[in-house]
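# A structural walkthrough
The lines below spell out each chain.
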2 protein chains.
Amino acid sequence: MSKKRVTLADVARLAGLSTSAASMILTGRPDTRLSPEAHAKVHEAAATLGYRPNMAARALRTDKTRTLAFISDHIATTRYGNGLIRGALAASEEAGHVLMMLETYGDPAHETRAIDAAIDRQVDGIIFAFVRSREVFLPSITSNVRMVMLNGTNRQCPIAILPDEYQGGCEAVSLLADANFTDGIVLLGHNAEVEEGLFRSGTILSRLNGIRSEMVSRGLGFVDELSSWNWEPENGYKLMKKYLKNSRPKALLCMNDRLAFGAYQALSEAGLKIPEDVSVVSFDNDEIAAYLRPGLTTIGLPHEAMGREAVRVLLDEKIVESETLVAMEPMIRGSVGGAD
Amino acid sequence: MSKKRVTLADVARLAGLSTSAASMILTGRPDTRLSPEAHAKVHEAAATLGYRPNMAARALRTDKTRTLAFISDHIATTRYGNGLIRGALAASEEAGHVLMMLETYGDPAHETRAIDAAIDRQVDGIIFAFVRSREVFLPSITSNVRMVMLNGTNRQCPIAILPDEYQGGCEAVSLLADANFTDGIVLLGHNAEVEEGLFRSGTILSRLNGIRSEMVSRGLGFVDELSSWNWEPENGYKLMKKYLKNSRPKALLCMNDRLAFGAYQALSEAGLKIPEDVSVVSFDNDEIAAYLRPGLTTIGLPHEAMGREAVRVLLDEKIVESETLVAMEPMIRGSVGGAD
DNA sequence: CTGTTAGCGCTTTCAG
DNA sequence: CTGAAAGCGCTAACAG
């Protein structure tokens, strides 16, 4: 049962060659031309013995582990931003790498420990990922590992992947404009404090900028703006409930899907049908968007594409500085009708 | 910038001792008593140099990497069962270990590759985790790594962690019984085919067994049972919509939260209030349960506790065979009222 | 064109 | 009680 590990030496012995020969053949380095039959013998020996290289030994020599660290604030342990992992995992698998998962809970002490743990294990690179994109603080890193910020930015790290929120904002407005809405559009959850610069949430500001800019270029205006700092369903429900007492909007532009989820409930309780009476568009493509009825039309965060891009950039050693904006993805479901 | 890695030899040199002395002190082996001042010197030297052990080198010697593999079917990339990761991550961090994340998408080819990738990197153990607990097929493993099945079972692996579905089923019924419901209880989504043994879904069968057994011991019976193979919101909605045409239940026992989510919508459209008109209990404690209004009372899958338990058991080398049943956790929210 | 040899950084006998 | 030396499995110089 307790099989002894098969080593390169075993393979070489069975093939009747030196370990170095076996090494060169198995790692496929084209430097030196070994005889074709040597190749065959080694490969055969490796196969029959079931040889698997010991990556600890290889790492010690080459300083490469084919392992990447994915250090996130809350992504591995919550349901948010899980597309980031999906993309990163798929891309690293395709590249023959493996992901080491570290969670910091947004806590500096955990961040330091996570970084140390990753570096101690000689990872080939580190992805720092964040649930909500923003400028982020990080402990200073004394090692020169490659790193990339995924859904965040940091001065220490010149490589970043971000969603193109500005374009996303434009798309949302376009959806409504193309459905011929010209008035009665209300903005739900815009954050006044962000626009006034009190919060440093770059990407949300871009989302808002995209919205406003597309509105003016379409010659449109909001009939009302319901500001809110909190973007949970609870809040969307309350805001909308209150608003519906005296008003009847034709379309809702919600800052995210969770607000829209709450708005759905308030609309339903007021006897308003979606999309017949009110159309709804929002942002993120949260998984709940597909559960709602009718399905929520939303401008999706391109998390999976971002995750893939992060490992691509991380693994491409030529790239030393870059900020990538990944396009947001409109998901058309049933919540937008046509204006009368 | 390109700092040279500081090695144990550097530390020893600065401390004026041999590397072996430094090694013994730093790894804290109590075998041999080195002088207290030697201890002090070494620790000081390590601190001033910022020494971090090279784990690849250490792994080569000791065959221990302080790294665990978490191989799951769909857990890392979807929002399901992510409490399993949360628990496993927390417990391994506490134990000074790190998790390597591999996803198989339920595909045997991926499983094989994931296992190889993990073993190649000399992980100290493997956790096989599954979204839905069941008997599971796995490629045969020729290595003798420690492994544990998390939310699944497999003949090859004598260590398993599972939710106590039987007890959960009992709890759900008790909730209703304690609220004095004696009739008008309908079971939504019980799976006839499972009970008939057509599907080998052990834990769901246990859930059902717990329900039935507690019903009889409380002297209760269901007024109706709406069978369904599909447990998505869509289906809960349809089933309930149709049922409500001719019937008025007093309480719903749903097989999972997503069915309950659908039932909520049908109930609302029929003008029925929860919990005034109809009480609802279900299973899983999916994150949507807290979003619903009123909050859904549900018997939660103890994912986090299970994840923790998995690493605890995996790391305890004395344990060679064990099946742990982790108690399900009733989450009391607002969806259960009292019977008239 | 092939094989011998010297380490990568660490732990652990085994002499001193 | 301490330090020198061997070696984990592998790769990359360097001789042959």
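Placed above this text is the structure.
Figured I'd write up the structure that's included with this text. (Residues numbered from 1 in each chain as written. Chains lettered and ligands numbered in written order. Predicted model: local features only at pLDDT ≥ 70, side-chain atom pairs only at ≥ 80, totals over all residues. Heavy atoms only, no water.)

### Quick word on the overall build of chain A
Just so we agree on the cut-off: Put simply, DSSP H or I for four residues or longer makes a helix, DSSP E for two residues or longer makes a strand, and each gets a number counted from the N terminus. Two things to know: the radius of gyration comes from C-alpha atoms, and the globule rule equals 2.2 Å times the number of residues to the power 0.38. In this scheme, a residue with accessible area under 20% of its type's maximum is buried, one over 50% is exposed, and one in between is partly exposed, where area comes from a 1.4 Å probe on protein chains only.
Along chain A, the regular secondary structure elements total 13 helices and 12 strands. For 340 residues, the compact-globule estimate of 2.2 N^0.38 gives 20 Å, and chain A exceeds it by more than 25% at 26 Å. Based on the C-alpha atoms only, the size of chain A along its principal axes is roughly 90 × 40 × 40 Å. Counting all 340 residues of chain A, 55% fall into the buried class.

### Describing the sheet that holds strand 7 (residues 224-226) of chain A
Residue and element names in this part refer to chain A. For the record, the criterion: We call two strands paired when DSSP finds no fewer than two bridges between them. Axis lines are fitted to C-alpha atoms, over the contacting stretch for helices. Their N-to-C directions set the angle, which ranges from 0 to 180 degrees. Pairs of residues are marked as contacts when any of their non-hydrogen atoms sit within 4.5 Å.
The mixed open sheet is built from six strands, whose spatial order is 7-6-8-9-10-12. One side of each edge strand has no neighbouring strand; the edge strands of this open sheet are strand 7 and strand 12 (329-331). Going from strand to strand, the sheet's axes swing by 20° on average, the running direction of each strand aside. The sheet strands contacting helix 7 (residues 165-178) are strand 6 (185-188), strand 8 (251-254), strand 9 (279-284), strand 10 (297-300) and strand 12, and the helix crosses strand 9 at an angle near 165°. Running over the sheet, helix 10 (residues 233-244) touches strand 6, strand 7 and strand 8 and is turned about 145° from strand 7.

### Considering the relation of the copies chain B and chain A
Threshold: A least-squares fit on C-alpha atoms brings the copies together, and the residues used are those whose pLDDT is at least 70 in both copies.
The transform that puts chain B on chain A rotates by 180° and translates by 0.0 Å along the axis, for an RMSD of 0.0 Å. On this basis, the relationship between the two copies can be described by a two-fold rotation axis. Comparing interface residues between copies, 100% of those in chain B also sit at the interface in chain A, which points to an isologous, same-surface contact.

### Re the protein's contact with DNA strand C
Applied cut-off: Definition of nearness: a residue and a molecule or strand are near each other if at least one heavy atom of the residue lies within 4 Å of the molecule or strand. Polar contact criterion, stated in full: a pair of N or O atoms within 3.5 Å, where within protein one must be able to donate a hydrogen and the other to accept it, and residues adjacent in sequence count only if both atoms are side-chain atoms. Note on residue classes: Ala, Val, Leu, Ile, Met, Phe, Trp, Tyr, Cys and Pro are nonpolar, Asp, Glu, Lys and Arg are charged, and everything else, Gly too, is polar.
Of all residues adjacent to DNA strand C, which total 22 residues, the nearest are S20 and R61 of chain A together with L8, Y51 and R58 of chain B. Atoms of DNA strand C within 4 Å of the protein: sugar and phosphate make up 59%, bases the balance. A57 of chain B has a polar backbone atom sitting 3.3 Å from a base nitrogen of DNA strand C. A total of four residues in the surface near DNA strand C trace back to one element, the largest contributor, which is helix 4 (residues 55-62) of chain B. Partitioning the surface near DNA strand C into residue classes produces seven nonpolar, 10 polar and five charged.

### Some words on the side chain of D124 of chain A
Residue and element names in this part refer to chain A. The condition that has to hold: In this charge count, Lys and Arg are treated as positive and Asp and Glu as negative; neither His nor the chain ends contribute. A side-chain nitrogen of Lys or Arg and a carboxyl oxygen of Asp or Glu constitute a salt bridge if their distance falls within 4 Å.
Checked against the element boundaries, D124 lands in the loop between helix 6 (108-120) and strand 3 (125-135). Among buried charged residues, D124 stands out as having no salt bridge; its nearest opposite-charge side chain is K64, 4.9 Å away. Every residue in contact with D124, bar those within four places of it in the chain, is listed here: D63, K64, T65, R66, T67, L68, H97 and R146.

### Here's the deal with the pairing of strand 11 (residues 322-327) of chain A
Residue and element names in this part refer to chain A. The two faces of strand 11 differ: S322, T324 and V326 on one face are buried, but E323, L325 and A327 on the other face are not. Here strand 5 (residues 159-164) pairs with strand 11 via six bridges, running parallel. Note that in strand 11 the partner of D164 across the bridge is A327.

### Thoughts on the packing of aromatic side chains
Spelled out, the test is: Only Phe, Tyr and Trp rings take part, Trp by its six-membered ring, and two of them pair if their centres are within 6.5 Å. Stacked means planes under 30 degrees apart, edge-to-face means over 60, and tilted covers everything else. Two conditions define a charge located above a ring, namely a distance within 6 Å from the ring centre to NZ of Lys or CZ of Arg, and an angle within 35 degrees of the ring normal.
Going through the model one piece at a time under the given rule, you end up with three aromatic pairs over all chains. Ring centres of F261 of chain A and Y291 of chain B lie 5.8 Å apart, and the angle between their planes is 50°; this geometry places the pair in the tilted category. Residue F261 of chain A is found in helix 11 (residues 257-269), and its partner Y291 of chain B is found in helix 12 (residues 288-291); the two belong to separate chains. Considered together, F261 of chain A and Y291 of chain B belong to a single accessibility category, that of buried residues. Taken together, F261 and Y291 of chain A together with F261 and Y291 of chain B form an aromatic cluster joined through their ring pairs. Cation over ring: R132 of chain A sits above Y80 of chain A, and NZ or CZ is 5.8 Å from the ring centre. For the cation-ring pair, R293 of chain B lies above Y237 of chain A, with the distance from its terminal atom to the ring centre recorded as 3.8 Å.

### A word on the sheet that holds strand 4 (residues 147-153) of chain A
Reading across from one edge, 11(A)-5(A)-4(A)-3(A)-1(A)-2(A)-2(B)-1(B)-3(B)-4(B)-5(B)-11(B) is the order of the 12 strands in this open sheet, with mixed pairing throughout. Of all strands in the sheet, those with a lone pairing partner are strand 11 of chain A together with strand 11 (322-327) of chain B, marking the two edges. With direction set aside, neighbouring strand axes in the sheet form an average angle of 25°. As judged from the two bridges shared by strand 4 of chain A and strand 5 of chain A, these two strands associate in the parallel manner. In the sheet register, L150 of chain A faces strand 5 of chain A, and the bridge partner there is I161 of chain A. Those strands touched by helix 7 of chain A are strand 5 and strand 11 of chain A, and its axis lies near 5° from that of strand 5 of chain A.

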